[in-house]
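Read off the chains here:
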Amino acid sequence: MNGFRIATKLNALTCLCVAAALTATAVLLWRMQVHVERHQEVLASFMQQMELARIQQVNFKKQVQEWKDILLRGHYAADFEKYRDFFFEQESLVQENGKTLIDSLTLPSIRGLAGKFLDQHRELGRHYRSALEVFERSGRSDYQTVDRMVRGMDRGSTDLIDEIVDAIKKELDRYKLSHAATLLKRAAQIAKGSGEAN
C-alpha cells in the first residue's frame, strides 16, 4: 500500500510541476505578446512621424519650385496665376502638415525643431509675398530684382526640415538598439531561470 501512496504522490507532484510549467509558459507568452504589441505601436508611431516629416520636405521643396516657376514663367498672365496658385497651395500644405507633424511628435527637442521650422516658414512667406508684390508692380518682368530679394532665404528652412527628418531617424535607431538590448537582457534572464521579464 505504501508503494501506491508514493506513486500517487509522485504523479500528483509531476502533475503539479507540469501545471506550474504550463502556467509559467502561458504568463511568459502573454508578457511577450504585450511587449511585441507595444514595440509595434512604437515603431508605427516612428514610421508615421518619418512619413510626415518626409512629406513636409517634399511639400516645401515643391513650394520653392513653384516660386521659381513664377519667376521663370510668370511673365504670361495665365502662367503667373497658375504658378502663384500652386505656390500658395503648397504653402498651405506645408503649414497644415507641419501642425500634424508637431502633434505626432513625442520628443520635445524634435517638436521644438518642427515649431521653429513653421515659424521660419511663415516668415519666409512674408518675404515671398513682398517680393511677389514687387514682381507684379514691375509688370511681371523684373524677375532678377525679385529673385535677389529672396535668394537663399529658403536654405535655413530646408536645412531645418532635413534636420527634423535626421533627428527622427536617429531616435528610431536609438529605440531599435534599446529594444534589442532589452530583448537580450530578457533572454539572459530566462536562460538563467529567473523568468523575470519586466
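Residues numbered from 1 in each chain as written. Predicted model: local features only at pLDDT ≥ 70, side-chain atom pairs only at ≥ 80, totals over all residues. Heavy atoms only, no water.

Visitor: Give a description of the nonpolar core that names residues and reports values.
Guide: Within the largest apolar cluster, 37 residues are counted, with the highest numbers of intra-cluster contacts made by Trp67, Ile70, Leu101, Phe117, Ile164 and Ile168. Breaking this core down by element, the ones donating at least two residues are helix 1 (2-73), helix 2 (77-104), helix 3 (108-137), helix 4 (143-150) and helix 5 (154-192). Among the elements that make up this core, the one with the highest residue count is helix 3 (11 residues). If sequence neighbours within four positions are ignored, Ile164 has contacts with Ala53, Leu101, Ile110, Leu113, Ala114 and Phe117. (Core = buried A, V, L, I, M, F, W, Y, C linked by side-chain atoms within 4.5 Å. Buried < 20%, exposed > 50% of the residue type's maximum accessible area, 1.4 Å probe, protein only. Helix = DSSP H or I, 4+ residues; strand = E, 2+ residues; numbered from the N terminus. Contact = heavy atoms within 4.5 Å.)

Visitor: Lay out the side chain of Asp69 in plain terms, naming residues and giving numbers.
Guide: Looking at the element boundaries, Asp69 is found in helix 1. Accessibility expressed as a relative area gives 10% for Asp69, which makes it buried. Beyond its immediate stretch of four places on either side in the chain, Asp69 contacts Gly74 and Tyr83.

Visitor: Which residues make up the packing of helix 3 against helix 4, and what are the values?
Guide: Contact geometry of helix 3 with helix 4 gives a least axis separation of 9 Å together with a crossing angle of 165°. By the angle between their directions, the pair helix 3 and helix 4 is classed as roughly antiparallel. In the packing of helix 3 onto helix 4, the handedness of the crossing is right-handed. Contact residues: helix 3 offers His127, Tyr128, Ser130, Ala131, Val134 and Phe135, while helix 4 offers Tyr143, Val146, Met149 and Val150. (Axes fitted to C-alpha atoms, helices over the stretch in contact; angles between N-to-C directions. Parallel < 35°, antiparallel > 145°, perpendicular 65-115°, else oblique. Left-handed = near helix turned anticlockwise from the far one by under 90°.)

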